[in-house]
Amino acid sequence: MNEKRILAFIIDFLTASIVQAVLMTVLLIVPLTNGTSSIDEMFMHTILITSISVFYLVLRDLLPGGSIGKHITKTRVVTEDGRKASFVKRFLRNIPWILGPVEIFVYLATRKRLGDRLAKTMVVDLSRNS
């Protein structure tokens, strides 16, 4: 199961990275090469691009059925007693991603994310329940 969770995260991280790369090309690189971008615009676009990536990582489980990575790996966020996790719990569990490396370290050390501890959730493999 841990392999599926890690794969789902990698897929979600790559999704955010691809969106970020496209936005960087359109909002930063093209205007810069054309000489149509000011320092202020570049700064604001950088903040916008970074914010969109972070928002995806924080809000990804609010999509119906979970994130893109969870859809592909056939996993889902549920409460500790196995019930469907509420909107609030799915949101709350991803807030610690703002801390980035701390969340990864806690997961690697304990096999349970800080966000799952906070929201009292866990990720289950849907293919085993079929």
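To be clear, the structure that these remarks concern was listed above.
Residues numbered from 1 in each chain as written. Predicted model: local features only at pLDDT ≥ 70, side-chain atom pairs only at ≥ 80, totals over all residues. Heavy atoms only, no water.

**Side note on the packing of aromatic side chains**
Then step 1. In total, this model carries 2 aromatic pairs according to the counting rule given.
Then step 2. A ring pair is formed by Phe9 and Phe13, whose centres lie 5.8 Å apart and whose planes are at 35°; its orientation type is tilted. Of the two residues, Phe9 and Phe13 are both situated in helix H1 (residues 2-34); the distance of 4 residues between them amounts to about one turn of the helix.
Then step 3. Seen in terms of ring centroids, Phe9 and Trp97 are 4.8 Å apart; in terms of plane orientation they differ by 10°. Their pairing is stacked. (Phe/Tyr/Trp six-rings, centres within 6.5 Å; stacked < 30°, edge-to-face > 60°. Helix = DSSP H or I, 4+ residues; strand = E, 2+ residues; numbered from the N terminus.)

**Some details on helix H2 (residues 39-59)**
Side chains three or four residues apart in an α-helix point the same way, a direct result of the helix having 3.6 residues per turn.
Then step 1. Taking 1.5 Å as the rise per residue, H2 with 21 residues should run 30 Å; its terminal C-alpha atoms sit 30 Å apart, in good agreement.
Then step 2. Regarding H2, the residues found buried are Ile49, Ser53, Tyr56, Leu57 and Val58.
Then step 3. Here the buried face of H2 lies against H1, helix H3 (68-73) and helix H4 (87-92). (Expected span 1.5 Å × (residues − 1). Buried < 20%, exposed > 50% of the residue type's maximum accessible area, 1.4 Å probe, protein only. Contact = heavy atoms within 4.5 Å.)

**Thoughts on the layout of surface pockets**
The method is simple in principle: a probe with the dimensions of a water molecule rolls over the atoms, and the space it marks as empty is what remains.
Then step 1. Considering only enclosed or pocket space, the largest pocket measures out at about 270 Å³ in volume.
Then step 2. In this structure, the largest pocket is lined by 16 residues; those nearest its centre are Arg5, Ile6, Phe9, Trp97 and Arg113.
Then step 3. Breaking the lining of the largest pocket down by element, the ones donating at least two residues are H1 and helix H5 (101-110).
Then step 4. Of the residues forming the lining of the largest pocket, the biggest block, 5 residues, is contributed by H1.
Then step 5. Of the residues belonging to the lining of the largest pocket, the class tally is 8 nonpolar, 1 polar and 7 charged.
Then step 6. Taken together, 13 residues make up the lining of the second largest pocket; nearest its centre are Phe13, Ser53, Val54, Leu57 and Trp97.
Then step 7. Elements represented by at least two residues in the lining of the second largest pocket include exactly H1, H2 and H5.
Then step 8. Tallying contributions element by element places H1 first for the lining of the second largest pocket, with 5 residues.
Then step 9. Among the residues making up the lining of the second largest pocket, the classes are represented as 9 nonpolar, 4 polar and no charged. (1 Å grid on protein atoms, 1.4 Å probe; cavity = no way out; pocket = protein on both sides within 12 Å on 5 of 7 lines; lining within 4 Å. Points joined across faces, edges and corners; volume = space filled by probe spheres on them. Nonpolar A, V, L, I, M, F, W, Y, C, P; charged D, E, K, R; others polar.)

**Looking at H1**
Then step 1. With 33 residues, H1 extends 46 Å between its outermost C-alpha atoms, agreeing within 8% with the 48 Å of an ideal straight helix rising 1.5 Å per residue.
Then step 2. At Thr25, H1 is deflected by roughly 40°, the largest bend along its length.
Then step 3. Among the residues of H1, Arg5, Ala8, Ile11, Asp12, Ala16, Leu28 and Pro31 are the ones counted as buried.
Then step 4. Along its buried surface, H1 packs onto H2, H3, H5, helix H6 (114-119) and strand S2 (121-125).
Then step 5. After H1 finishes, the residue Gly35 shows a positive phi value of roughly 75°. (Bend = angle between axes of the 7 residues up to and from the residue.)

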